[in-house]
Amino acid sequence: MKRTLMLLVVGLVACGGPKKNSEHAVVPEGSATPETCCCKSNPMTSDDGKPVYEMANPIECSTKQGECVSEVQCTPQKTE
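What counts as what
- Residues numbered from 1 in each chain as written.
- Predicted model: local features only at pLDDT ≥ 70, side-chain atom pairs only at ≥ 80, totals over all residues.
- Heavy atoms only, no water.
- Helix = DSSP H or I, 4+ residues; strand = E, 2+ residues; numbered from the N terminus.
- Buried < 20%, exposed > 50% of the residue type's maximum accessible area, 1.4 Å probe, protein only.
- Contact = heavy atoms within 4.5 Å.
- Areas by Shrake-Rupley, 256 points an atom, 1.4 Å probe, with all protein chains shown as cover.
- Pairing = 2+ DSSP bridges.
- Axes fitted to C-alpha atoms, helices over the stretch in contact; angles between N-to-C directions.
- Salt bridge = Lys/Arg side-chain N within 4 Å of Asp/Glu carboxyl O.
- Polar contact = N/O pair within 3.5 Å; in protein donor to acceptor, adjacent residues only side chain to side chain.

### Comments concerning the overall build of the protein chain
A tally of helices and strands in the protein chain yields two helices and three strands. Listing the helices and strands of the protein chain from first to last along the sequence gives α-β-β-α-β. The buried share of the protein chain, taken over its 80 residues, is 10%. Long-range contacts, defined as pairs at least 24 residues apart, comprise 33% of the intrachain contacts of the protein chain with a sequence gap of at least 6. As displayed, the protein chain has an accessible area near 7500 Å², and 58% of this comes from carbon and sulfur atoms.

### Focus on the sheet that holds strand E2 (residues 52-56)
The strand order E2-E1-E3 describes an open sheet built from three strands, whose pairing is antiparallel. The open sheet has two edge strands, E2 and strand E3 (67-69), and neither has a second partner. The sheet shows a mean angle of 45° between the axes of neighbouring strands, direction not considered. Note: strand E1 (residues 37-41) against E3, three bridges, orientation antiparallel. By the bridge assignment for E3, Lys-40 is matched with Glu-67.

### Let's talk about the pattern of salt bridges
If you walk through the whole model with that rule in mind, you get one salt bridge. For the salt bridge of Glu-54 with Lys-64, the shortest nitrogen-to-oxygen distance reads 2.4 Å. Separated by ten residues along the polypeptide, Glu-54 in strand E2 and Lys-64 in the loop between helix H2 (58-63) and E3 bring together distant segments of the chain.

### Overview of the environment of Asn-57
With respect to the element layout, Asn-57 can be found in the loop between E2 and H2. Given the relative accessible area of 31%, Asn-57 is considered partly exposed. For Asn-57 and Cys-37, which are 20 residues apart along the polypeptide, the C-alpha to C-alpha distance reads 6.2 Å. Beyond its immediate stretch of four places on either side in the chain, Asn-57 contacts Glu-35 and Thr-36. For Asn-57, the side chain forms a polar contact with the main-chain nitrogen of Ile-59, separated by 2.7 Å.

Laid out in structure tokens, this is it:
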């Protein structure tokens, strides 16, 4: 009986220790994250179904289910 009780106490102590933080920061500390990026998103309201490119904060871009792409894509293209 004492042995079972001792094993139970050891098990509780082992499992009850400090938990590891499994959450990772969106942006690691000390990284050189740009303040703006060329955000490519596909809004449901788009008439032609084409993606929309606009300069935005990376956090705002992610809330639009977008992704930061090369800034060249945000520059207006000359049409002939």
